[in-house]
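# Breakdown of the fold
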Amino acid sequence: MVEIAGVAVALLSIGTIALVYAMLTMGLNVHYGYTGLLNFGHVAFFAAGAYTSALLTVPPPGPGANYTVALSLPMPWGLPVSLVAAALVGGLLATLIGLTSVRLGTHYLAIATFALAGIFEDVLVNEAWLTAGTFGLNSVPRPGRALLGPGTWQLAYFVFALVLTVGVYLVVERLSDAPFGRLLRGVRESEEAAEVLGKDTTRVKLKSFAIGGMIAGLAGGVYAHYVGSVVAVTFVALVTFLVWVALLLGGAGSNLGAVVGAVVLVAFREGTRYLPDLGGSPTLLPSLRFVVIGFLLILVVRFRPAGLFGDPNELVLAGDDE
């Protein structure tokens, strides 16, 4: 029974992280799949949401604490408040970054967002009075864990994350079918044509940036309350590129593809952590993990360029008209 319970907890843990990445990937899909924006700084919005949720709910700093700011919202009602705030801050940061870079061309936009995300990472490390620097905030509440116990809480939080993911999916699907969603696709396919029709494409792209940033911020809040800590080293550029891989695997422009790509990627990446070291080397398996991920991406690009669920007749990749 103990072994079965342990396997179940491991599967629930992988599933919860997969749902967090599914939300992250849907946020990136709004940027790239819908609007054609090459955003290589997506992790910044994820981090902003995580730190916002943490700062709103961590207990007051005591002796030896590495942080000085804590609003200490009590649980359980502090959880929805912190998640809403995480989404808002993620959207605000996305808007601020978009104001400085959204007018740039596709490749310049990619470079600018990547650089701005790096700057934000440096802020997380250096502003220790707010973020506790490299130590991070390690007392983020995990609501209900003490009452339910570790195993039952894993199941409850998985269901909670699943409900949020389904909610985000339905909202983004509704957005894609609305006139605004069609406008986003119009900007993606031909920004010049949209401008000729009198559309303010800069404002449209800013709104897209904000919506995707809000989704990423929400994912950050869910992640923070799941792991119980936020540390700057977690929010590195690798996260952005993993989300890109998930989106390309599943299919840009498809929310179902974004979810499936994230689940497949995380299931493989996290599931292989439980395998024993190969050849007695602790570094061989992590290296092979990225080799396999890269090989899968090559196969998809070669045989299914639109992704597993992408529509090749709809999606016009950014830069094809240049």
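Criteria and cut-off values
- Residues numbered from 1 in each chain as written.
- Predicted model: local features only at pLDDT ≥ 70, side-chain atom pairs only at ≥ 80, totals over all residues.
- Heavy atoms only, no water.
- UniProt positions renumbered as here; feature names shortened; annotations may be inferred.
- Helix = DSSP H or I, 4+ residues; strand = E, 2+ residues; numbered from the N terminus.
- Core = buried A, V, L, I, M, F, W, Y, C linked by side-chain atoms within 4.5 Å.
- Buried < 20%, exposed > 50% of the residue type's maximum accessible area, 1.4 Å probe, protein only.
- Contact = heavy atoms within 4.5 Å.
- 1 Å grid on protein atoms, 1.4 Å probe; cavity = no way out; pocket = protein on both sides within 12 Å on 5 of 7 lines; lining within 4 Å.
- Points joined across faces, edges and corners; volume = space filled by probe spheres on them.
- Nonpolar A, V, L, I, M, F, W, Y, C, P; charged D, E, K, R; others polar.

## So, the UniProt feature "transmembrane region" (unreviewed entry) in the chain
- Under the UniProt annotation, "transmembrane region" (unreviewed entry) lies at residues 6-24, 36-57, 77-97, 109-132, 152-172, 209-235, 241-268 and 288-305.
- Secondary structure across residues 36-57 comprises 73% helix and 0% strand; the distance between its end C-alpha atoms is 36 Å.
- When the span residues 288-305 is considered, its composition is 89% helix and 0% strand, and the gap between its end C-alpha atoms is 24 Å.

## Some points on the nonpolar core
- Membership of the largest hydrophobic core comes to 78 residues, with the highest contact counts inside it found for Tyr21, Phe46, Leu137 and Phe235.
- Among the elements that make up this core, the one with the highest residue count is helix H1 (residues 2-34) (13 residues).

## So, the environment of Val300
- Position of Val300 relative to the elements: it lies in helix H13 (residues 284-303).
- Those residues in contact with Val300 that sit more than four places away from it in its chain are Leu248, Leu249, Pro305 and Gly307.

## Section: empty space enclosed by the protein
- In this structure the tally under the stated criterion is two cavities of 30 Å³ or more.
- Within this model, the largest cavity holds a volume of roughly 40 Å³.
- Around the largest cavity sit Ile17, Tyr21, Leu242, Leu265, Val266, Arg269 and Glu270, which together line it.
- For the lining of the largest cavity, the secondary-structure elements that each account for two or more residues are H1 and helix H12 (255-271).
- Element by element, the count of residues in the lining of the largest cavity is highest for H12, at four residues.
- In terms of residue class, the lining of the largest cavity is made up of five nonpolar, no polar and two charged.
- What the second largest cavity holds in volume is close to 30 Å³.
- Val43, Ala44, Ala47, Ala117, Phe120, Glu121, Leu124 and Phe235 together form the lining of the second largest cavity.
- Broken down by secondary-structure element, the contributors of at least two residues to the lining of the second largest cavity are helix H2 (42-57) and helix H4 (106-126).
- For the lining of the second largest cavity, the leading source of residues is H4, giving four residues.

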